[in-house]
Amino acid sequence: MDDNKVAVLLEELMAQFRTFGEGLDILQGEIKKVKNEVTDFRNETKQRFLENGREHQQLMQMIKELDTEVIKLKRIK
């Protein structure tokens, strides 16, 4: 191969690698965006889970108190 053909081939390869690199950069940005969305979703889910746990404990306490009241009312009758 003569020098001109080698130069053209190298330029074409460099252009393709540049395009490939730009595509990778875009893909990396999209992956970071999705990763952040997943992290946000996980944090929101964890927060809701904790809130639901607290509400469950409160409901269980209320049920126990109501049960105690029912027992007292039954004794009065």
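Scoring rules and cut-offs
Residues numbered from 1 in each chain as written. Predicted model: local features only at pLDDT ≥ 70, side-chain atom pairs only at ≥ 80, totals over all residues. Heavy atoms only, no water. Helix = DSSP H or I, 4+ residues; strand = E, 2+ residues; numbered from the N terminus. Rg over C-alpha atoms; globule rule 2.2 N^0.38 Å. Buried < 20%, exposed > 50% of the residue type's maximum accessible area, 1.4 Å probe, protein only. Areas by Shrake-Rupley, 256 points an atom, 1.4 Å probe, with all protein chains shown as cover. Salt bridge = Lys/Arg side-chain N within 4 Å of Asp/Glu carboxyl O.

S.K.: I'd like a description of the overall build of the protein, backed by residues and values.
M.R.: In terms of helices and strands, the protein carries 1 helix and 0 strands. Relative to a compact globule of 77 residues, whose C-alpha radius of gyration would be 11 Å, the protein shows 33 Å and is clearly more extended. Along the first, second and third principal axes, the C-alpha set of the protein runs to 110 × 15 × 10 Å. Among the 77 residues that make up the protein, the fraction classed as buried is 0%. Summed over its atoms, the accessible surface of the protein is roughly 7,800 Å², and 60% of this surface lies on carbon and sulfur atoms.

S.K.: So what's going on with the pattern of salt bridges? Which residues, and what values?
M.R.: A complete count under the given rule lists 1 salt bridge for this structure. Among the salt bridges present, the one from Lys72 reaches Glu69, with a minimum N-O distance of 4.0 Å. In this pair, Lys72 and Glu69 both sit in helix 1 (residues 3–76), 3 residues apart, roughly one turn of the helix. What makes Glu69 partly exposed here is its relative accessible area of 41%.

S.K.: Please set out the environment of Thr19 residue by residue, giving values where relevant.
M.R.: On the secondary structure map, Thr19 appears in helix 1. When the C-alpha atoms of Thr19 and Arg42 are compared, they prove to be 34 Å apart, with 23 residues separating the residues in sequence.

S.K.: I'd like a description of the environment of Lys77, backed by residues and values.
M.R.: Along the polypeptide, Lys77 turns up in the segment after helix 1. A relative accessible area of 88% places Lys77 in the exposed class.

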